[in-house]
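Take a look at the letters that make up each chain.
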Amino acid sequence: MNQNQSQTKNILGTQPIGKLLVQYAVPSVVSMVVMALYNIVDQIFIAQGVGYIGNGATTAAFPLITVGLALALLIGNGSAAFISLELGRGNTDKVQRTLGNAMLLLTCSGILLTGITFFFMEPLLRMLGATDAIMPYAVDYVTYIAAGFPFVIISTGLSNIIRADGSPRYSMAVNLVGAGLNTILDPIFIFTLGMGVKGAAIATAISQVVSFAFSIFYILKKARYVQFVPANLRPDGVLIRQMLTLGSSSFITQISFTIVNVVLNNSLAYYGAQSPYGAEVALSALGIVMKINAIFINIILGVAIGAQPILGFNYGAGNYARVKRTYQTEITVTFMISLLANLLFVIRPEIVVSLFRDANPIFNEFAAMATRISLCCVFSAGIQIPSAIYFQAVGKPVKAMVLNMARQLLILIPCILILPLFFGLKGVLYAMPLTDLLALFITLFFIVRELRHLGRSQGLPAPGMGEPEAIGN
């Protein structure tokens, strides 16, 4: 299949950008929000059934969950981006082999993470900020969450491939069915069976197994362009390197979140203990704020990831004008969403924390204050996140990694460590808006230069069709 045939058969190269973005972004947004709701639903029911100590346990455990998501996105996003590029170039054989290698890596990484978590559970939780009061609840929660790691990593990774295969609605359904089941099972296990934090974890693990089954069914029975062939499970070093390179930006983003969470949790415990609020209140409340922020971030990510197949296919096919229009359309949408969220977080933070309201008034006071301060500049995410995903989609993962590493590792962590020396517990909160603003300036520098270059690229041969591969640029 040559380039022109590929474009004729694939709507990504022919349909209007606005229609395509709605078709791909809406299911992607729903999927990403549903992923965030897995933990939010647990937090809501745990807050009602156990209290803020139980939510502190899930906050301490959250970095482990983020590591699982990082592995899923490293492989899933990377292989999906590579599949989109190769579909644009008409290389169907590479598409099939990429699927097989992705499934192999997803399975192995899930099993490995489960084993490491079980063997080093308490030391890991202590490192992640669990206090003596929180530790028993955290162990109960992580024991069952870790058992579900292989299933959630495979289903999350495959949902990205399913989207690249041209089935964004099914990709959405994979996540919706698990989240819906989790919402039903949570109150049953927590309240009816009286299992508390342990019940929330069991409900989540069961839901993840069901999502896994739906994703496997698609790959085996309903796939359009990607076809599973057992022989393609044989490792291909070149393919693995290429797809992991493309997925490295997503991986670094999530691992950076994990590192930030470790630093953040320990800073909250240390400076919270020196404040009128206490370590447990600070840890639990900001954990809730971060999960509220995760819903907003996942909406922005959903739009950006929904645009990724459109960007990748057209960049691979050399349709640079469509690439530029797609980016401009998505950035308009994400920036408007981020502005609305910013106003809500600053003007009425009590609305977004009301679902987690606790009997302790000090907890409620700190949660509202933490929301208003730490999320007062999240409008920058509407530009920063889609721009990083853009570079990943067009085969330039190094630039995507620079944007993500600059924000999380080079700016946020130093701010978390330095500002509390002058402002105490509030310094931890101030670190986040300062980071958002600095990251925005760095992003604008990269993306403005990229768009100017892209504007001069119309008419040039596509990567892989006469010029060097874009991967690694």
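Treat the numbers as computed from the prediction; the structure is a model and nothing was measured.

Another point: a nonpolar patch on the surface. There is a patch of nonpolar side chains on the surface, built from Leu-417, Ile-418, Leu-421, Phe-422, Phe-423 and Tyr-430 and spanning about 660 Å² of accessible area. Contributing elements (two or more residues each) for the nonpolar patch: helix 16 (397-418) and helix 17 (420-423). By the element assignment, Tyr-430 lies in helix 18 (residues 425-455). By relative accessible area, Tyr-430 is classed as partly exposed at 31%.

All right, on to the nonpolar core then. Leu-125, Tyr-141, Leu-158, Leu-286, Phe-366 and Tyr-390 are the most contacted members of the largest nonpolar core, which has 137 residues in total. Top element by residues in this core is helix 11 (residues 279-317). It accounts for 20 residues. Sequence-distant contacts of Phe-366, defined by excluding residues within four places in its chain, comprise Tyr-277, Val-281, Ala-282, Ala-285, Leu-286, Leu-425 and Leu-429.

Turning to helix 7 (residues 149-164), a few remarks are in order. Taking 1.5 Å per residue as the helical rise, helix 7 with its 16 residues ought to reach 22 Å, and the 23 Å between its terminal C-alpha atoms agrees with that figure. Among the 16 residues of helix 7, 15 are classified as buried, and the element is accordingly described as predominantly covered. Note on helix 7: the residue one or two positions beyond its end, Gly-166, has a positive phi of about 95 degrees.

Glancing now at the packing of helix 11 against helix 12 (residues 320-347). Their axes nearest at 9 Å, the elements helix 11 and helix 12 cross at an angle of 175 degrees. With respect to each other, helix 11 and helix 12 are oriented roughly antiparallel. Each of Ile-292, Phe-296, Ile-299, Ile-300, Val-303, Ala-304, Ala-307, Ile-310, Leu-311, Asn-314 and Tyr-315 in helix 11 lies in contact with helix 12, whose residues at this interface are Tyr-320, Arg-322, Val-323, Thr-326, Tyr-327, Glu-330, Val-333, Thr-334, Ile-337, Ser-338, Ala-341 and Phe-345. Taken together, the residues of the contact of helix 11 with helix 12 break down into 17 nonpolar, four polar and two charged.

All right, on to the confidence of the model for the chain then. Scored by pLDDT, the chain has a mean of 84; 92% of the residues are at 70 or more. Across the chain, the secondary-structure element scoring lowest on mean pLDDT is helix 1 (residues 3-9), at 46, and the one scoring highest is helix 17, at 94.

So, on to the side chain of Thr-371. Mapped onto the elements, Thr-371 comes out in helix 14 (residues 361-374). The exposure class assigned to Thr-371 is buried, which follows from its relative accessible area of 0%. Within polar-contact distance, the side chain of Thr-371 engages the backbone oxygen of Ala-367 at 2.9 Å. In this structure, Thr-371 is in contact with Val-289, Phe-345, Pro-349, Val-352 and Val-353, ignoring residues within four places of it in sequence.

Our next topic: the packing of aromatic side chains. Per the stated rule, a full pass over the model turns up 10 aromatic pairs. Judged by centre distance (5.7 Å) and plane angle (90 degrees), the ring pair of Phe-445 and Phe-446 falls under edge-to-face. With relative accessibility at 21%, the residue Phe-446 sits in the partly exposed group.

One can find Thr-117 in helix 4 (residues 92-119). The class of Thr-117 is buried, set by a relative accessible area of 0%. With sequence-adjacent residues up to four places away left out, Thr-117 is seen in contact with Leu-64, Leu-124, Val-142, Ala-146 and Phe-149.

Parameters at a glance
- Residues numbered from 1 in each chain as written.
- Predicted model: local features only at pLDDT ≥ 70, side-chain atom pairs only at ≥ 80, totals over all residues.
- Heavy atoms only, no water.
- Patch = residues over 30% accessible without salt bridge, like charges linked within 9 Å, V, L, I, M, F, W, Y side chains within 5 Å.
- Areas by Shrake-Rupley, 256 points an atom, 1.4 Å probe, with all protein chains shown as cover.
- Salt bridge = Lys/Arg side-chain N within 4 Å of Asp/Glu carboxyl O.
- Helix = DSSP H or I, 4+ residues; strand = E, 2+ residues; numbered from the N terminus.
- Buried < 20%, exposed > 50% of the residue type's maximum accessible area, 1.4 Å probe, protein only.
- Core = buried A, V, L, I, M, F, W, Y, C linked by side-chain atoms within 4.5 Å.
- Contact = heavy atoms within 4.5 Å.
- Expected span 1.5 Å × (residues − 1).
- Axes fitted to C-alpha atoms, helices over the stretch in contact; angles between N-to-C directions.
- Parallel < 35°, antiparallel > 145°, perpendicular 65-115°, else oblique.
- Nonpolar A, V, L, I, M, F, W, Y, C, P; charged D, E, K, R; others polar.
- pLDDT = per-residue confidence, 0-100.
- Polar contact = N/O pair within 3.5 Å; in protein donor to acceptor, adjacent residues only side chain to side chain.
- Phe/Tyr/Trp six-rings, centres within 6.5 Å; stacked < 30°, edge-to-face > 60°.

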